[in-house]
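Per-entry structural report
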Amino acid sequence: MTSPAHPGGPAIHNALHRCLGVAAGEQVTVLVDSDTDRRVVDALVTGIDASEAVPVVLEMPRAVIPGSDVPIAVAAAIKHSDAVIELTSVFIGSNQARRDATDIGVRYLAMPGVRLETFRPGGPMSVDFDELRAAAEQVGERWNAATEFSLTTPAGTSLSGIVTDRPGRVLHGICRTSGSYMAPPDIEAGTAPVEGTTHGIAVIDADLLFMGVGPLPEPVVLTFDEGRLVNVEGPESERLTAMLERCDDPRMTNFAEVSLGLNPAGRVCDVAMETESALGTAHIALGNSIAYGGAVPAVAHLDCVMRDATLTLDGVAVDATSIMTSVDTSTH
């Protein structure tokens, strides 16, 4: 797919057309809050206009907890849109309003917290998502076939658990079909381990997403036993413990997800979605595991990112870097 000259730049064209497939006459609702980068809003609205589609910008309160429900009027607007772009400063795309909307065919692109530099030339929104999708799905197939995982990092992460009959979930950025949901620049593949089976230590040395501004200056060390968070340590640990207190849900200690970041143009930085996307990172999550094939409907889903991760499935290391860099990663 060619990215022609575009009023918002090639990466904005990529988001609107390669990722979301915006067509003439469609209503595209853009969700924003007080901390949204308005330069991104302006660029996307300009691009939507140029596509002869109808942009509708909806301002909403800033979410306190990732995945928070939206006001009733916003939920109604989402359901009556052809497509939605989430540009709120905190991730909300796991809420019921989004699920209801995609269930009836609305296309939903979750891009919380992105800034104009996320759309820089050569950056994580400039990649060829179609080409990278096939590579990411190879990693997803490895998850599909696996029964056991282990995750390690040089910083000291050592986790293991059971993933038997848990499907690999791939986020690849392509959201052009009815009812689809994606979160570019994030490209990732992972799953929800079987409840009660994950043990070990996770050294979070990149970021606690949407829990303060990253990257973390000092690691946060999480200890898991029988699939539950049992200890949190480190000078920055209050970022996580304060969020868990706000969630006020005992199910939030559930080990909900383990995934590899797969975007070769991503980097660990102060934009949460780019950090989560970066090839070489891995992230685990606490709380809600429903979207990843798990069974825990906690109030939120909290991602925690680590650098330089090695994933092993059934004793065989997954060489994600070789898989993802074997394709042409730039738009043409």
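Quick summary incoming for the structure in this document. (Residues numbered from 1 in each chain as written. Predicted model: local features only at pLDDT ≥ 70, side-chain atom pairs only at ≥ 80, totals over all residues. Heavy atoms only, no water.)

The next point concerns the nonpolar core. With 82 residues, the main nonpolar core has L87, F149, L151, I204, L222 and I284 as its most contacted residues. Ranked by size, the runner-up nonpolar core spans 24 residues in total, among them V74, A101, Y108 and Y181. (Core = buried A, V, L, I, M, F, W, Y, C linked by side-chain atoms within 4.5 Å. Buried < 20%, exposed > 50% of the residue type's maximum accessible area, 1.4 Å probe, protein only.)

An order of β2-β1-β3-β4-β8 is seen for the five strands of this open sheet, with the pairing classed as parallel. The strands lining the two open edges of the sheet, one partner per strand, are β2 (54-59) and β8 (181-182). In this fold helix α3 (residues 72-79) packs onto β1 (27-32), β2 and β3 (83-86), with an angle of close to 150° to the strand it touches most, β1. (Pairing = 2+ DSSP bridges. Helix = DSSP H or I, 4+ residues; strand = E, 2+ residues; numbered from the N terminus. Contact = heavy atoms within 4.5 Å. Axes fitted to C-alpha atoms, helices over the stretch in contact; angles between N-to-C directions.)

Turning our eyes to something else, we now look at the sheet that holds strand β5 (residues 148-152). One open sheet holds the seven strands; their spatial order is β13-β12-β10-β6-β5-β17-β18, and the pairing between them is antiparallel. Because the sheet does not close on itself, it has two edges, and the strands there are β13 (228-233) and β18 (316-317). Across two bridges, strand β17 (residues 310-313) lies against β18 in antiparallel orientation. Counted as the bridge partner of T312 is A317 from β18. Across the sheet, helix α5 (residues 129-145) is in contact with β5, β17 and β18; its angle to β17 comes to roughly 45°.

In this section: helix α1 (residues 10-19). Counting buried positions along α1 gives nine out of ten residues, so the element sits mostly inside the fold. Three or more residues of α1 are buried, namely A11, I12, H13, N14, A15, L16, H17, R18 and C19. Buried residues along α1 sit in contact with α2 (38-50), β3, β4 (107-110) and α5.

For L109, the position within the fold is in strand β4. On the basis of relative accessible area, L109 is assigned to the buried category, the value being 0%. The spatial distance from the C-alpha of L109 to the C-alpha of A272 is 15 Å, given a sequence separation of 163 residues. Each residue touching L109, except ones within four places of it in the same chain, is listed here: A15, C19, L20, V84, I85, E86, G173, C175, M182 and P184.

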